[in-house]
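Structural features, examined
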Amino acid sequence: MKYNTAAVAALQPDYLGFIFYEKSPRNYDLEEIPSLPLGIKKVGVFVNASLDFVLEKVQQFGFDILQLHGNESPEYCSELRKLNAELVSASYLDNEAPALSEIEVPALSPVEQPVPSSVEVWKVFSIKDAFDFSVLGAYEPYVDAFLFDTKGKEKGGNGYTFDWEVLKDYPSKKPFVLSGGIGLDELDSVKNMLKTDLPLFAIDVNSKFEDQPGLKNTSDLEKLLCFFRNPDSAK
Ligand SMILES: O=C(O)c1ccccc1NCC(=O)[C@H](O)[C@H](O)COP(=O)(O)O
């Protein structure tokens with residue numbers, strides 16, 4: 001068995017990620033995702049994929065979030081949001097919802113009007129021991145969150161942490177996800193990060209919870225989830 005999605009989903013994590021990157025040993029090559037319990041958000045992970053490819057996967061699997069691990073530009077993120085919003089309105093209209101003219105829209109100027117999108121975009125930045133946070137500004141209008149991962153040989157899943165001290169200089173209010181080499185041994189450090197004022201709202205774990213690429217160790221994941229549901233309990 002290559003993936004144990006249903007067993008992981010039974011633990012009721014907040015998010016479950018599916019990687020669409022042929023060079024990854026975790027590349028998701030099945031035609032379906034098992035139906036997940038309510039409340040779990042599906043994350044599609046992509047690396048410099050074409051917009052068409054991403055949209056095809058959104059339609060096929062119904063992702064809630066798109067996590068972009070490559071060198072995707074702010075323009076790419078903006079376009080992705082626009083195309084997703086069009087997809088959402090198209091399926092809304094297909095379902096014989098009231099015509100748009102019947103819906104009251106508050107009078108906002110074009111600049112203020114947000115592009116509606118039910119699919120979130122998370123842009124990933126990989127950090128070694130320094131990071132130029134000024135690059136984030138251009139992405140802010142087009143992404144819902146940033147994700148900070150460790151820079152390594154692979155595009156993701158490298159299995160080691162970066163120096164989280166770097167994040168003390170995070171200049172934004174945009175929520176972010178912390179990732180890279182997080183295992184059970186890192187939980188006390190994660191707890192300390194959660195005590196700061198940083199807008200850290202989730203952690204992303206991967207290779208440290210695997211028996212082999214794609215096959216997660218559910219007993220370790222249970223310990224992780226137990227830690228977050230009751231941080232004072234023993235690991
Ligand atoms: O995991 C992969 O193989 C992968 C390949 C290409 C892009 C992203 C990938 N993983 C994305 C993730 O979100 C990982 O969870 C993140 O890189 C942390 O991995 P790890 O250091 O193993 O905890």
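What you are looking at is a predicted structure, and each value in this text was computed from that prediction instead of being measured.

Analysis parameters
- Residues numbered from 1 in each chain as written.
- Predicted model: local features only at pLDDT ≥ 70, side-chain atom pairs only at ≥ 80, totals over all residues.
- Heavy atoms only, no water.
- Phe/Tyr/Trp six-rings, centres within 6.5 Å; stacked < 30°, edge-to-face > 60°.
- Lys NZ or Arg CZ within 6 Å of the ring centre and 35° of its normal.
- Helix = DSSP H or I, 4+ residues; strand = E, 2+ residues; numbered from the N terminus.
- Buried < 20%, exposed > 50% of the residue type's maximum accessible area, 1.4 Å probe, protein only.
- Polar contact = N/O pair within 3.5 Å; in protein donor to acceptor, adjacent residues only side chain to side chain.
- Contact = heavy atoms within 4.5 Å.
- Expected span 1.5 Å × (residues − 1).
- Arc of directions from axis to C-beta.
- Salt bridge = Lys/Arg side-chain N within 4 Å of Asp/Glu carboxyl O.
- Near = heavy atom within 4 Å.
- Areas by Shrake-Rupley, 256 points an atom, 1.4 Å probe, with all protein chains shown as cover.
- UniProt positions renumbered as here; feature names shortened; annotations may be inferred.

**Some remarks on the packing of aromatic side chains**
What the rule picks out here adds up to 24 aromatic pairs. Site record: aromatic cluster; members linked through ring pairs are Tyr 3, Phe 18, Phe 20, Tyr 28, Phe 46, Phe 53, Phe 61 and Phe 63. For Lys 123, the ring lying beneath its charged end belongs to Phe 125, and the centroid distance is 5.0 Å.

**A short note on the side chain of Ser 179**
In this fold, Ser 179 is placed in strand β6 (residues 176–179). The class for Ser 179 is buried, based on a relative accessible area of 5%. Only 3.1 Å separates the side chain of Ser 179 from the side chain of Asp 204, close enough to count as a polar contact. Each residue touching Ser 179, except ones within four places of it in the same chain, is listed here: Leu 147, Phe 148, Asp 149, Thr 150, Phe 162 and Asp 204.

**Focus: helix α5 (residues 218–229)**
Taking 1.5 Å of rise per residue, 12 residues should cover 16 Å, and α5 covers 16 Å from first to last C-alpha, within 8% of that figure. Listed in full, the buried residues belonging to α5 are Leu 221, Leu 224, Leu 225 and Phe 227. Axial view of α5: buried residues confined to an arc of 155°, hence all on one face. The backbone nitrogen of Ser 219 has a side-chain oxygen 3.1 Å away, supplied by the residue at the start of α5, namely Asn 217.

**Looking at the side chain of His 69**
Of note, His 69 is situated in the loop between β3 (65–68) and α3 (74–94). A polar side-chain atom of His 69 sits 2.9 Å from a polar atom in the side chain of Gln 67.

**Let's talk about the environment of Gly 156**
Mapped onto the fold, Gly 156 is located in the loop between β5 (145–150) and β6. If sequence neighbours within four positions are ignored, Gly 156 has contacts with His 69 and Asp 149.

**Concerning the pattern of salt bridges**
Under the defined criterion, the tally for this structure stands at 10 salt bridges. We note a salt bridge from Glu 72 to Lys 123, for which the minimum N-O separation is 3.3 Å. Of the two residues, Glu 72 sits in the loop between β3 and α3 while Lys 123 sits in strand β4 (residues 120–127), which places them 51 residues apart along the sequence. The pair Glu 72 / Lys 123 is uniform in exposure class, with both members buried. Among the salt bridges present, the one from Glu 79 reaches Lys 82, with a minimum N-O distance of 3.8 Å. With Glu 79 and Lys 82 both in helix α3, this residue pair falls three residues apart, about one helical turn. A relative accessible area of 38% means that Lys 82 is categorised as partly exposed.

**Points about the environment of Ile 65**
Mapped onto the secondary structure, Ile 65 falls in strand β3. As for Ile 65 and Asn 217, which are separated by 152 residues in sequence, their C-alpha atoms are 24 Å apart. Setting aside residues up to four positions removed in sequence, Ile 65 forms contacts with Tyr 15, Lys 41, Lys 42, Val 43, Gly 44, Val 119, Glu 120 and Trp 122.

**Focus: the site of the ligand**
The full set close to the ligand counts 20 residues, and Ser 24, Arg 26, Asp 149, Asp 204 and Ser 207 are the nearest of them. Between the ligand and Arg 26 there is a distance of 2.8 Å, counted from an oxygen atom to a side-chain nitrogen or oxygen. In this structure, Gln 67 approaches the ligand through a side-chain N or O atom, which is 2.9 Å from an oxygen atom. Expressed as a share of its isolated accessible area of 520 Å², the protein-covered part of the ligand is 97%.

**What to know about the UniProt feature "domain: N-(5'phosphoribosyl) anthranilate isomerase (PRAI)" (unreviewed entry) in the chain**
The residues that UniProt annotates with the feature "domain: N-(5'phosphoribosyl) anthranilate isomerase (PRAI)" (unreviewed entry) are residues 8–82 and 115–223. Annotated as 29% helix and 21% strand, the span residues 8–82 places its first and last C-alpha atoms 32 Å apart.

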